[in-house]
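This is what each chain is made of:
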Amino acid sequence: MTLDDDVVALLKRAAAKDNTSFKELVNQALRRGLAPLANQPRRAPFRTTGFDLGPSLVGSLDNVEEVLARVEGEDHK
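Residues numbered from 1 in each chain as written. Predicted model: local features only at pLDDT ≥ 70, side-chain atom pairs only at ≥ 80, totals over all residues. Heavy atoms only, no water.

Caption draft 1: Highlighting the packing of helix α1 (residues 5-18) against helix α2 (residues 22-39). With their axes 9 Å apart at the nearest point, α1 and α2 run at an angle of 110 degrees to one another. Comparing their axes, α2 and α1 come out roughly perpendicular. Taking contact as the criterion, the partners of Val8, Leu11, Lys12, Ala14, Ala15 and Asp18 in α1 are, on α2, Phe22, Leu25 and Val26. When grouped by side-chain class, the residues that make up the contact of α1 with α2 number 7 nonpolar, no polar and 2 charged. (Axes fitted to C-alpha atoms, helices over the stretch in contact; angles between N-to-C directions. Helix = DSSP H or I, 4+ residues; strand = E, 2+ residues; numbered from the N terminus. Parallel < 35°, antiparallel > 145°, perpendicular 65-115°, else oblique. Contact = heavy atoms within 4.5 Å. Nonpolar A, V, L, I, M, F, W, Y, C, P; charged D, E, K, R; others polar.)

Caption draft 2: A look at the environment of Gly50. Mapped onto the fold, Gly50 is located in the loop between α2 and α3 (64-72). Judged by relative accessible area, which is 67%, Gly50 ranks as exposed. It is 51 Å that separates the C-alpha atoms of Gly50 and Lys23, two residues lying 27 residues apart in sequence. (Buried < 20%, exposed > 50% of the residue type's maximum accessible area, 1.4 Å probe, protein only.)

So, to be careful, I would describe these as geometric facts and stop short of saying anything about function.
And the structure:
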């Protein structure tokens, strides 16, 4: 695992302040941070209902350049 420099600095400062080892402090921080995640109820996946809009009024929408040319004219740029 690679930690960002600012995170290492914060952890070292906290370890020195609490008179604990760097390893112990990292493990404590991870446990505290992960505990709320483990206790969260799993949410059902978000689903949307689709519906048919019918055929496109401008034809195929695969080529945006072509659609713009049809709707706004060739000078759409």
